[in-house]
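So you can see what is in the structure, the chains are spelled out below.
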Amino acid sequence: MNKLDLGVLCQIQYGMFIVTSYFGEKINGQISTVVFQVTCQPAQVVTCLHKDNLTHQFVTTSGSFGVSILSQEADLKFIGQFGFRTGRDFDKFTNVNYKKLSTGSPLVLDHAVGLLDLKVIKYIDVGTHTLFIGELLASEKLNDKTPMTYDYYHNAVKGKTQKNAPTFQTCVTGGHNENKTIGTC
Ligand SMILES: Cc1cc2nc3c(=O)[nH]c(=O)nc-3n(C[C@H](O)[C@H](O)[C@H](O)COP(=O)(O)O)c2cc1C
């Protein structure tokens, strides 16, 4: 019988990002840990967003997304605003500094080390989430501060994971589709 230890997945390392997009005049963004470069020529970067998220809806309709790479200085309150609340209930950008580059997605400047502005060129339905593949149209390095890793967020910032994150681990027990949380990483 195959051994399946989902805890091993916690050994995969990630960063901390705010992924943003827009719908008409409305702008929104969310925390995502899944942002990585997949090719260089052209430069392509992917993100993975839960289908229930407002940001997912905005990226799907606008065909673009922005990424702010967070620094270690981002605090729990700031991360919580983008990672534990939905933009359906309030404007996440009140008192948040941002700029637009090429696509119209808002790029968060606060607690960021760099900005990416991407056009969606392909997407893959992976069930609960969609994997968006973006071509990099514009980017800007903001400073030399240390980017925050997911590990640092857990161990130094003492942050938790939200249920819509791909890294929020659940398993099916007893064959009755009873979802049981086995832990977060
Ligand atoms: C540490 C952390 C990591 C997260 N990573 C992801 C992620 O990679 N993908 C995702 O879809 N949601 C992720 N989330 C959850 C979203 O940020 C959260 O569902 C957010 O409230 C969605 O906001 P929206 O509805 O305004 O788009 C994460 C949350 C936290 C706190």
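Residues numbered from 1 in each chain as written. Predicted model: local features only at pLDDT ≥ 70, side-chain atom pairs only at ≥ 80, totals over all residues.

Caption draft 1: The arrangement of the sheet that holds strand E5 (residues 64-70) in detail. Overall, antiparallel pairing links the seven strands, which are arranged E2-E1-E5-E8-E9-E4-E3 in an open sheet. Every interior strand has two partners, whereas the edge strands, strand E2 (26-32) and strand E3 (35-39), have only one. Adjacent strand axes in the sheet meet at a mean angle of 35°, parallel and antiparallel pairs treated alike. Taken together, the four bridges between E3 and strand E4 (residues 44-50) define a ladder with antiparallel strand orientation. Paired with Phe36 across the bridge in E4 is Val46. Its contacts with the sheet put helix H1 (residues 54-62) on strand E1 (17-23), E2, E4, E5, strand E8 (112-125) and strand E9 (129-141), and the angle it makes with E1 is roughly 55°. Sheet contacts for helix H2 (residues 76-83): E1 and E2; angle to E2, the most-contacted strand, approximately 115°. (Pairing = 2+ DSSP bridges. Helix = DSSP H or I, 4+ residues; strand = E, 2+ residues; numbered from the N terminus. Axes fitted to C-alpha atoms, helices over the stretch in contact; angles between N-to-C directions. Contact = placed C-beta atoms within 7 Å.)

Caption draft 2: Region of interest: the site of the ligand. Taken together, 24 residues lie near the ligand, and Thr55, Gly83, Thr86, Gly87 and Ala165 sit nearest. Within the residue set of the shell around the ligand, elements represented by two or more residues are E2, E4 and H1. When residues of the shell around the ligand are assigned to their parent elements, the largest contribution, four residues, is made by E2. In the shell around the ligand, the residues fall into nine nonpolar, 14 polar and one charged. (Near = placed C-beta within 6 Å. Nonpolar A, V, L, I, M, F, W, Y, C, P; charged D, E, K, R; others polar.)

Caption draft 3: Just unusual backbone geometry, in detail. For the bond running from Gln41 to Pro42, omega is 0°, close enough to zero to count as cis. Inspection of the secondary structure assignment puts Pro42 in the loop between E3 and E4. Non-glycine residue Asn95 carries a positive phi angle of around 65°. On the secondary structure map, Asn95 appears in the loop between H2 and strand E6 (98-99). Backbone geometry at His111 places phi at a positive 55°, although glycine is not the residue there.

Caption draft 4: The arrangement of the confidence of the model for the protein chain in detail. For the protein chain, the mean per-residue pLDDT works out to 93, and 91% of the residues sit at or above 70. In this model, residues 173-177 is a region of pLDDT below 50 whose contacts with residues beyond four sequence positions or in other chains number three contacts. (pLDDT = per-residue confidence, 0-100.)

Caption draft 5: Representation of H2. Here H2 has its buried residues at Ile79, Phe82 and Gly83. Summarising the axial view, the buried residues of H2 lie within an arc of 90°, below the 170-degree limit, and thus occupy one face. On its buried face, H2 sits against E1 and E2. (Buried ≥ 20, exposed ≤ 12 C-beta atoms within 10 Å, placed from the backbone. Arc of directions from axis to C-beta.)

Caption draft 6: Quick peek at the nonpolar core. With 30 residues, the main nonpolar core has Met16, Phe17, Ile18, Val19, Phe65, Val67 and Leu70 as its most contacted residues. Once residues within four sequence positions are removed from consideration, Phe17 is found in contact with Ser32, Val35, Val67, Ser68, Ile69 and Leu70. (Core = buried A, V, L, I, M, F, W, Y, C linked by C-beta atoms within 7 Å.)

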